[in-house]
Amino acid sequence: MNVSADLYNLIHSLSRNEKRYISLSILQNSKNEYFRLFKMLEKQKHFNEKALHTLMQKEKSSKKLPVLKAYLKEYILKKLNSFYYKSSVEITLQQSLMETDILLKKQFFVQGKKKLIKIKRLADKNEEFEILLQCIKREKKILRSIYRPSNENSWNRLLKEEISLTKKIDNFNRYDWLSGKLSNYYNTVGQDIRTKYQKEKIRRILRHPLLKNTKGLLSKAAKLRYHHLRSLCYYFLLEYQNALESNKAFLTLIEPRVFSNEQTVIPYLGALNNRINILLRLKDYSNAAVNIELIRNSIKMTSSGGVISEQMLRRNFIISYAHQLNLLLGSGQYKKALELIPLVEQIIRKYSNGIENEILMPFYYIFSYLHFVWGNYRQTLLNLHKIINKQMDETQVREDVYSYSKLLYVLTYIELYGEEVPENLIKSTYEFLVKRKHLLKAEYVFLRFIRNKFLRPQEPGEVIQELRKLKRQMIQLQDNSYEKSSLKYFDFLAWIESKIHKTSFLEQLKKQ
């Protein structure tokens, strides 16, 4: 991505308060050219390099556009540093360390020592272990510069502190490593375990010595990682009550200081999102709704204080609507879900700039599914094209969402064109999904039926007979908890029933 696009995205990620702060700072420094460039990029709804050049030429700028852009980008980052100085503990501590370095460079060791004591107090309170190690490094510098009889005791104290901090950092990093493994699994496969191998992979993480009990936890940060990991592992294993208990332990630890800084708000919002996913799986829709509102209220409280970035707030705000749509779908409120789509589309257009496709793509599947439910097949295809016209690595979409989009695409064509569906579409989709090697048995049986039924002519009576046979197979498979997870994406049984009884998919869903 070029500098212009980077600058455009940076400006459009700013909150209203951030924009006001930066605009005033530019004007106070009489940098009118930079202010004009700032405003031009702010007004653009989509980045347009040519329009930017034309406007700047009309303004008869004294500096070349590349120079203006590079300077403005650095200026904004510098001002954001100042804006978040007091709200971000990490930025505050880093800034204080820089001030300490200046004092030590000027040989003001006493003042530097006093400042380090304050830094260490704040860093210790927030478990900023790396900062504490940097403080020790500077304390050693002071000890080398000033001889005192008590220096030996100070060296011993610093050695003990350093050893203790190193152990805590190593302990946290081990939990962080496990967390990375689990996150990578989620981003690749999605929320559902499909094979014995995948199940055993999660079991191995859960059986790891670090997750057996709380005895080995050396910091609050490690405790949070511990409960987070256990909650996610249980969630993947469909043990939702255990997942909820670990999630509750996590939130209990973090809630007392949640709105103090970015390091607590972001994990808190993440834990609330995880809790909603668990509650939706437990079909506890009333508590899920309460937690969706809790996320939105937390965003309102946080946005006024500038504790975390506008982009992170937007991200969580958008995700809250994914939860709401899933809640309405899960509870059978299909009309309300459909009526919510225009609002959600408006929110995505307004707030999605800079939000990763991994978050946005599942929305298009939900929109597609809802339109399919209501028989709006053209709208279904329009939304599906946003997912399947690209490769999975380009869209950053999870494998589960991408695969079900391919399947829904074929079913939409069947609804529109019946037996006139292109043969290559059914074959290519079948081959793509079978090659995944992670298909559930229910998905495989359903795909095989679609391929056989629509790739060779059959009598109407024979089709109904095959559908009834397919229905019996699917009912047997649904007794398996892992097979049942396929219904989260598409209700195969309702679709089969609609074909047997020649009714709408929506009617059958309401009967389920």
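Residues numbered from 1 in each chain as written. Predicted model: local features only at pLDDT ≥ 70, side-chain atom pairs only at ≥ 80, totals over all residues. Heavy atoms only, no water.

**Considerations on the overall build of the protein chain**
At step 1: A count of helices and strands for the protein chain gives 26 helices and 0 strands.
At step 2: Sorting the 512 residues of the protein chain into buried and exposed places 48% on the buried side.
At step 3: For the protein chain, long-range pairs separated by at least 24 residues make up 65% of all intrachain contacts whose partners lie at least 6 apart in sequence.
At step 4: Of the roughly 26,800 Å² of accessible surface on the protein chain, 51% is carried by carbon and sulfur atoms. (Helix = DSSP H or I, 4+ residues; strand = E, 2+ residues; numbered from the N terminus. Buried < 20%, exposed > 50% of the residue type's maximum accessible area, 1.4 Å probe, protein only. Contact = heavy atoms within 4.5 Å. Areas by Shrake-Rupley, 256 points an atom, 1.4 Å probe, with all protein chains shown as cover.)

**Describing the nonpolar core**
At step 1: With 70 residues, the main nonpolar core has Y365, F446, F490 and W495 as its most contacted residues.
At step 2: Among the elements that make up this core, the one with the highest residue count is helix α17 (residues 357-373) (12 residues).
At step 3: I202, Y226, L251 and I295 belong to the second largest nonpolar core, which has 43 residues in total. (Core = buried A, V, L, I, M, F, W, Y, C linked by side-chain atoms within 4.5 Å.)

**Things to note about the packing of aromatic side chains**
At step 1: Enumeration over the complete set of coordinates arrives at 23 aromatic pairs.
At step 2: Relative to F490, the ring of F372 has its centre 5.7 Å away and its plane inclined at 65°; by these criteria the two rings are edge-to-face. A residue pair is termed long-range when its members are at least 10 positions apart, and F372 in helix α17 and F490 in the loop between α24 (481-484) and α25 (492-500) qualify at 118 residues. The exposure classification of F372 matches that of F490, with both residues buried.
At step 3: Centre to centre, the rings of Y404 and Y489 are 4.6 Å apart; their planes meet at 15°, and the pair counts as stacked. Separated by 85 residues along the polypeptide, Y404 in helix α20 (residues 399-417) and Y489 in the loop between α24 and α25 bring together distant segments of the chain. (Phe/Tyr/Trp six-rings, centres within 6.5 Å; stacked < 30°, edge-to-face > 60°.)

**Some words on the pattern of salt bridges**
At step 1: Overall, the coordinates contain 20 salt bridges when judged by the stated rule.
At step 2: For the salt bridge of E139 with R157, the shortest nitrogen-to-oxygen distance reads 3.5 Å. Placement of E139 in helix α8 (residues 129-145) and of R157 in helix α9 (residues 151-189) is noted, with a sequence separation of 18 residues between them.
At step 3: Residue classification places E139 among the buried positions, given a relative accessible area of 5%.
At step 4: By relative accessible area, R157 is classed as partly exposed at 32%.
At step 5: Among the charged side chains, a salt-bridge network with shared partners connects K113, K120, E139, R157 and E161. (Salt bridge = Lys/Arg side-chain N within 4 Å of Asp/Glu carboxyl O.)

**A closer look at the side chain of N171**
At step 1: Assignment of secondary structure puts N171 in helix α9.
At step 2: Assessed through its relative accessible area of 8%, N171 is described here as buried.
At step 3: Apart from the residues within four sequence positions on either side, N171 is in contact with G216, L217, L218 and A222.

**Topic: α25**
At step 1: Across the 9 residues that make up α25, a large majority, 8, are buried.
At step 2: Among the residues making up α25, those that are buried are F492, L493, A494, W495, I496, E497, S498 and I500.
At step 3: Capping the start of α25 is the job of one residue whose side-chain oxygen sits 3.4 Å from the backbone nitrogen of L493: D491.
At step 4: Backbone geometry just after α25 places K502 at a positive phi near 55°. (Polar contact = N/O pair within 3.5 Å; in protein donor to acceptor, adjacent residues only side chain to side chain.)

**A short note on a positive patch on the surface**
At step 1: On the surface, a cluster of positive charge is contributed by K105, K106, K137 and K141.
At step 2: By secondary structure assignment, the location of K141 is in helix α8. (Patch = residues over 30% accessible without salt bridge, like charges linked within 9 Å, V, L, I, M, F, W, Y side chains within 5 Å. Lys, Arg positive; Asp, Glu negative; His and termini not counted. Charge placed at Lys NZ, Arg CZ, Asp CG, Glu CD.)

**Regarding the packing of α17 against helix α18 (residues 377-388)**
At step 1: In contact at an axis separation of 8 Å, α17 and α18 are set at 165° when each is read in the N-to-C sense. By the angle between their directions, the pair α17 and α18 is classed as roughly antiparallel. Note that α17 runs across α18; the crossing there is left-handed. Across from M361, Y364, Y365, F367, S368, H371 and F372 in α17, the residues of α18 making contact are Y377, Q379, T380, N383, L384, K386 and I387.
At step 2: Across the contact of α17 with α18, the residue classes break down as 8 nonpolar, 5 polar and 1 charged. (Axes fitted to C-alpha atoms, helices over the stretch in contact; angles between N-to-C directions. Parallel < 35°, antiparallel > 145°, perpendicular 65-115°, else oblique. Left-handed = near helix turned anticlockwise from the far one by under 90°. Nonpolar A, V, L, I, M, F, W, Y, C, P; charged D, E, K, R; others polar.)

**Remarks on unusual backbone geometry**
At step 1: Look at E127: it is not a glycine, yet its phi comes out positive at around 55°.
At step 2: If you trace the backbone, E127 turns up in the loop between α7 (109-125) and α8.
At step 3: A positive phi angle is found at K283, which is not glycine, with a value near 60°.
At step 4: Its location among the elements puts K283 in the loop between α13 (262-281) and α14 (285-305).

**Remarks on the packing of helix α15 (residues 310-330) against α17**
At step 1: For the pair α15 and α17, interaxial distance at closest approach is 11 Å and the crossing angle is 25°. As summarised for this structure, α15 and α17 are arranged roughly parallel, according to the angle between their axes. Helix-helix and strand crossings are classified by hand; for α15 and α17 the assignment is left-handed. Of α17, the residues touching α15 (which contributes R315, I318, I319, Y321, A322, L325, N326 and L329) are I359, L360, F363, I366, F367, Y369 and L370.

**A short note on the confidence of the model for the protein chain**
A low pLDDT means the predicted coordinates there should not be read in detail.
At step 1: Of the residues in the protein chain, 88% reach a pLDDT of 70 or more, and the chain-wide mean stands at 84.
At step 2: Helix α19 (residues 392-395) is the least confidently modelled element of the protein chain, averaging 52 in pLDDT, while helix α12 (residues 240-254) averages 95, the highest of any element. (pLDDT = per-residue confidence, 0-100.)

**Examining the environment of H46**
At step 1: In this fold, H46 is placed in the loop between α3 (32-43) and α4 (49-58).
At step 2: Judged by relative accessible area, H46 falls into the exposed class, the value being 67%.
At step 3: Along the backbone, H46 and A5 are 41 residues apart, and their C-alpha atoms lie at a distance of 9.9 Å.

**Some details on the environment of Y413**
At step 1: By the element assignment, Y413 lies in helix α20.
At step 2: Between the C-alpha atom of Y413 and that of L381, which follows or precedes it by 32 residues, the distance is 8.6 Å.
At step 3: Setting aside residues up to four positions removed in sequence, Y413 forms contacts with L381, G418, V421, P422 and L425.

**Side note on the side chain of S405**
At step 1: Following the sequence through the fold, S405 ends up in helix α20.
At step 2: Here S405 falls in the buried class, since its relative accessible area comes to 0%.
At step 3: At a separation of 2.8 Å, a polar atom in the side chain of S405 contacts the main-chain carbonyl oxygen of V401.
At step 4: Apart from the residues within four sequence positions on either side, S405 is in contact with Y365, L384, I387 and I388.

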